[in-house]
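Below, each chain spelled out in residue letters.
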Amino acid sequence: LEKSEDPRWPGHKLSENTYVIFTSDNGGVVGYTDNTPLDKGKTSAKEGGTRVPLMIVGPKIPAGVQSDVMINGLDFYPTILSLSGAEKPAKKHLDGCDIAPLLLGDPTDKTLVKRADGSVRDVMMWHYPHGRDFESTLIKAGYKLIRNYDHVGNQDTPALELFQLYKSTGGKEVRVDIEEAKNLADAMPEKTKAMNQELTAMLTE
């Protein structure tokens, strides 16, 4: 890309007009890959199953910046539309957010990820009630709730787990427990209950 001329833009290289997105659809398969320090892997809603590599390079995107802002693969479509100058399809509801303002601005500023109505997106959920782990999860403001559907009759699996993945410090996200090693459900019953109710509402919708 850096060596090839852009045939549509004489005198410029393809790298000046190209965005490269490198990512994965889910975490590595347990037993075949090492997801350390993350817990579990593919088919699990734990971080080892949902957290994936992501690198985005292109014009006006700051180089060498590492970000802990939460985004989702669903964000790629509206973002590509925005970066390429294409119009959003009429009457289409897009679940993802346009993260071009994040990429082209400050990639570490979570307030730049906004829904279509302009509100900051700080909630994300996953629903995977099959496979091996039978879970639904909700992430909100740095906390992650996991609802386990196989806890009945399984003494080793709690009905609900709560982890603090991040905390905000000076407007930036700082990692706390991305390993999901410390279950806070018993220590924070009100937050656990509130997030569980919000998860139910989203699943019902």
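As shown above, the structure is provided for reference.
Rules used in this analysis
Residues numbered from 1 in each chain as written. Predicted model: local features only at pLDDT ≥ 70, side-chain atom pairs only at ≥ 80, totals over all residues. Heavy atoms only, no water. Helix = DSSP H or I, 4+ residues; strand = E, 2+ residues; numbered from the N terminus. Buried < 20%, exposed > 50% of the residue type's maximum accessible area, 1.4 Å probe, protein only. Contact = heavy atoms within 4.5 Å. Areas by Shrake-Rupley, 256 points an atom, 1.4 Å probe, with all protein chains shown as cover. Phe/Tyr/Trp six-rings, centres within 6.5 Å; stacked < 30°, edge-to-face > 60°. Lys NZ or Arg CZ within 6 Å of the ring centre and 35° of its normal. Pairing = 2+ DSSP bridges. Axes fitted to C-alpha atoms, helices over the stretch in contact; angles between N-to-C directions. Salt bridge = Lys/Arg side-chain N within 4 Å of Asp/Glu carboxyl O. Polar contact = N/O pair within 3.5 Å; in protein donor to acceptor, adjacent residues only side chain to side chain.

Novice: An account of the overall build of the protein is needed here, citing residue identities and associated values.
Specialist: Along the backbone of the protein there are 4 helices and 8 strands. Reading the protein from its N terminus to its C terminus gives the helix and strand order β-α-β-α-α-β-β-β-β-β-β-α. Summarising its shape, the C-alpha atoms of the protein cover approximately 70 × 40 × 35 Å along the three principal directions. By the burial criterion, 32% of the 205 residues in the protein qualify as buried. Looking at the protein alone, contacts between residues at least 24 apart form 44% of all its contacts between residues at least 6 apart. Total accessible area on the protein is roughly 12,600 Å²; 54% of this is exposed by carbon and sulfur atoms.

Novice: So, the packing of aromatic side chains: which residues are in play, and what are the values?
Specialist: Tallied over the full model, the rule gives 0 aromatic pairs. We note K191 situated over the ring of Y143; from NZ or CZ to the ring centre the distance is 4.5 Å.

Novice: Go over the sheet that holds strand β6 (residues 160–164) with me, naming the residues and quoting the values.
Specialist: Pairing is antiparallel in the open sheet, where 4 strands are placed in the order β3-β4-β5-β6. Strands at the two margins of the open sheet, each flanked by one partner only, are β3 (123–128) and β6. Sheet twist, expressed as the mean angle between neighbouring strand axes with direction ignored, is 15 degrees. Against the sheet, helix α4 (residues 189–204) touches β3, β4 (135–140), β5 (143–148) and β6, its axis set at about 70 degrees to β5.

Novice: Could you give an account of the pattern of salt bridges, naming the residues involved and the relevant values?
Specialist: Considering all chains together, one arrives at 12 salt bridges under this definition. A salt bridge links R175 to D68; the nearest nitrogen and oxygen atoms lie 3.1 Å apart. Placement of the pair is R175 in strand β8 (residues 172–175) and D68 in the loop between β2 (54–57) and α2 (76–84), with a sequence separation of 107 residues. The exposure class assigned to R175 is partly exposed, which follows from its relative accessible area of 43%. Because the salt bridges share partners, they merge into one network encompassing E47, R51, K144 and E180.

Novice: Before we move on, could you go through unusual backbone geometry and cite the residues and values that matter?
Specialist: Of note, the bond from T36 into P37 is cis; its omega dihedral lies within 30 degrees of zero at 10 degrees. Within the secondary structure, P37 is located in the loop between β1 (20–23) and α1 (47–50). For K60, which is not glycine, the phi torsion reads 70 degrees and is therefore positive. You can see K60 is positioned in the loop between β2 and α2.

Novice: So what's going on with the pairing of β4? Residues and values would help.
Specialist: For β4, a buried count of 5 out of 6 residues is recorded, marking the element as mostly surrounded by other parts of the structure. A loop of 6 residues connects β3 with β4, the two strands running antiparallel in sequence, and G131 in this loop sits at a positive phi of about 80 degrees. Relative to β5, β4 is paired through 6 bridges, and the arrangement is antiparallel. Across the sheet, S136 pairs through a bridge with R147, a residue of β5.

Novice: Explain the environment of R175 to me, using residue names and the numbers behind them.
Specialist: Here the alpha-carbon distance between R175 and L165, two residues 10 residues apart in the chain, equals 6.0 Å. Sequence-distant contacts of R175, defined by excluding residues within four places in its chain, comprise R51, Q66, D68, L165 and Y166. At 3.1 Å, the side chain of R175 and the side chain of D68 are in polar contact.

Everything listed here is a matter of geometry and, on its own, says nothing about what the molecule does.
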